[in-house]
Amino acid sequence: MEVDLVYLWVDGSDPKWMAKKKACTGEFTDTEENCEGRYADHDELKYSLRSVEKYAPWIRRIFIVTDNQTPQWLDLSNPKIRIVDHSEILPEICRPCFNSSVIEHFIYRIPDLSEYFLYGNDDMLLNQKVTPEMFFDKDSLPVVRLNRKYFRRLYFFLKGRVLHPLKNHNKTVLTAARLVKRRYGVFYTGKIHHNIDAYRRSFLKETREMFDREISVTLTNHMRADSDIERCLYSYAFLAQKRARLQYVTQRTSFKFNIHDRKNYAKFERYNPVFFCMNDSQYATNEDRERTIEYLSRLFPDKSQFEK
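Residues numbered from 1 in each chain as written. Predicted model: local features only at pLDDT ≥ 70, side-chain atom pairs only at ≥ 80, totals over all residues. Heavy atoms only, no water.

Moving on, we get to unusual backbone geometry. Residue Arg95 is joined to Pro96 through a cis peptide bond whose omega torsion reads 0°. Positionally, Pro96 belongs in the loop between helix H3 (86-89) and helix H4 (100-103). Although it is not a glycine, Asp43 sits at a positive phi angle of roughly 70°. Taking relative accessible area as the criterion, Asp43 reaches 26% and is therefore assigned partly exposed. (Helix = DSSP H or I, 4+ residues; strand = E, 2+ residues; numbered from the N terminus. Buried < 20%, exposed > 50% of the residue type's maximum accessible area, 1.4 Å probe, protein only.)

The N-to-C vectors of helix H7 (residues 201-210) and helix H9 (residues 232-240) enclose an angle of 100°; their axes lie 10 Å apart at closest approach. Between H7 and H9, the crossing angle belongs to the class labelled roughly perpendicular. Between H7, through Phe203, Leu204, Thr207 and Arg208, and H9, the contact on the second element is made entirely by Tyr234, Ala237 and Phe238. Broken down by class, the residue content of the contact of H7 with H9 amounts to five nonpolar, one polar and one charged. (Axes fitted to C-alpha atoms, helices over the stretch in contact; angles between N-to-C directions. Parallel < 35°, antiparallel > 145°, perpendicular 65-115°, else oblique. Contact = heavy atoms within 4.5 Å. Nonpolar A, V, L, I, M, F, W, Y, C, P; charged D, E, K, R; others polar.)

A sheet is described by the order of its strands in space; here three strands give the open sequence E5-E11-E10, paired in mixed fashion. This sheet does not close on itself; its edge strands, each paired only once, are strand E5 (124-126) and strand E10 (254-258). On average, adjacent strands in this sheet sit at an angle of 25° to one another, irrespective of strand direction. With three bridges joining them, E5 and strand E11 (residues 275-279) adopt antiparallel strand pairing. Residue Leu126 lies in a different strand from E11, and its bridge partner there is Phe275. (Pairing = 2+ DSSP bridges.)

With that settled, consider the packing of aromatic side chains. Inspection of every chain in the model, using the stated rule, returns 19 aromatic pairs. Between Trp17 and Phe98, the aromatic rings sit 5.5 Å apart at their centres with planes inclined by 80°, giving edge-to-face as the arrangement. Residue Trp17 is found in helix H1 (residues 15-25), and its partner Phe98 is found in the loop between H3 and H4; the two are separated by 81 residues along the sequence. Note on accessibility: Trp17 and Phe98 belong to one class, buried. We note Arg183 situated over the ring of Phe211; from NZ or CZ to the ring centre the distance is 4.9 Å. The ring of Phe203 is capped by Arg200, whose NZ or CZ atom sits 4.5 Å from the centre of that ring. (Phe/Tyr/Trp six-rings, centres within 6.5 Å; stacked < 30°, edge-to-face > 60°. Lys NZ or Arg CZ within 6 Å of the ring centre and 35° of its normal.)

Mapped onto the secondary structure, Leu204 falls in helix H7. The spatial distance from the C-alpha of Leu204 to the C-alpha of Met1 is 18 Å, given a sequence separation of 203 residues.

The subject of this paragraph is the nonpolar core. Within soluble globular proteins, side chains that are nonpolar tend to cluster in buried spots. Grouped together as the largest cluster of nonpolar side chains are 47 residues, with contacts concentrated most on Val6, Val65, Ile110, Phe117, Leu204, Leu233 and Tyr236. Listed by contribution, the elements that provide at least two residues to this core are strand E1 (3-8), strand E2 (62-66), H4, strand E4 (116-121), strand E6 (143-147), helix H6 (168-184), H7 and H9. With eight residues, the top contributor of residues to this core is H9. Those residues in contact with Leu204 that sit more than four places away from it in its chain are Ile107, Tyr108, Phe117, Tyr199, Tyr234 and Phe238. (Core = buried A, V, L, I, M, F, W, Y, C linked by side-chain atoms within 4.5 Å.)

Our focus in this paragraph is the environment of Gly120. If you trace the backbone, Gly120 turns up in strand E4. Taking the C-alpha atoms as reference points, Gly120 and Asp85, 35 residues apart in sequence, are found 17 Å from one another. Not counting the four nearest positions on each side in its chain, Gly120 is found in contact with Val6, Tyr7, Leu8 and Ile196.

Rendered as structure tokens:
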């Protein structure tokens with residue numbers, strides 16, 4: 001089985017990129033949808049690639065999806081690496097795009113992408129050795145990892161009625177879950193783990209086409225919007241189609257490391273998870289980001305083959 005890995009990456013400090021974004025969506029704000037943390041780059045990708053080389057050397061090729069950008073430290077002469085520009089996969093109506101929820105609907109279009117592939121953001125890393133069998137079962141079906149949430153439907157119901165309204169991300173997840181419920185009669189309450197996921201390219205393409213009408217109305221959302229459809233649509237649909245295997249995770253398996261919360265460092269050491277994500281947000285400061293990179297440099301001190 002040949003397995004590829006796809007990343008989304010952006011350098012939010014690049015002057016050309018910043019000018020393009022400002023003209024399209026305005027300045028950064030302190031909101032979930034448009035904060036600096038959504039686009040900040042502190043070389044997290046470098047350390048993610050170091051973790052992949054250390055713990056998943058069997059990956060065939062690595063595709064990095066960007067908007068006319070390339071990490072300065074990346075060795076493009078390495079045959080395992082390929083930069084994929086937005087213009088190669090996104091329709092013109094979507095561009096310029098500063099919305100990962102839109103980009104993710106088109107990653108199946110990446111030229112030469114293998115049937116079996118993993119997808120992650122540049123802040124998602126491995127902490128232990130993994131094998132292809134951890135992502136694809138004996139029948140070659142992708143493993144869908146969920147956080148168990150028993151009362152999630154009630155939570156969604158109460159939000160906006162008793163509790164504070166849903167934030168952007170949860171709204172897009174709820175939309176995806178409802179679309180799957182409408183088509184397949186199953187509402188999935190589990191929350192997709194915020195880490196590297198497995199996909200079959202053909203399954204992704206077929207399911208994307210099934211929901212083309214619903215997705216098409218979101219394609220001009222150049223920045224995150226409440227009407228977006230989260231990529232959990234595909235994982236929920238695969239489960240409903242009996243074309244995926246469900247696996248529930250704990251913090252010992254998959255850890256979301258909110259970098260603004262210093263207590264997460266001790267928790268990470270205690271849980272020693274397989275997967276982890278150094279999650280930036282509107283709550284993080286540059287000091288938090290610098291602390292994150294210092295920590296990652298201690299975890300992964302050795303240069304990978306992907307660096308100059």
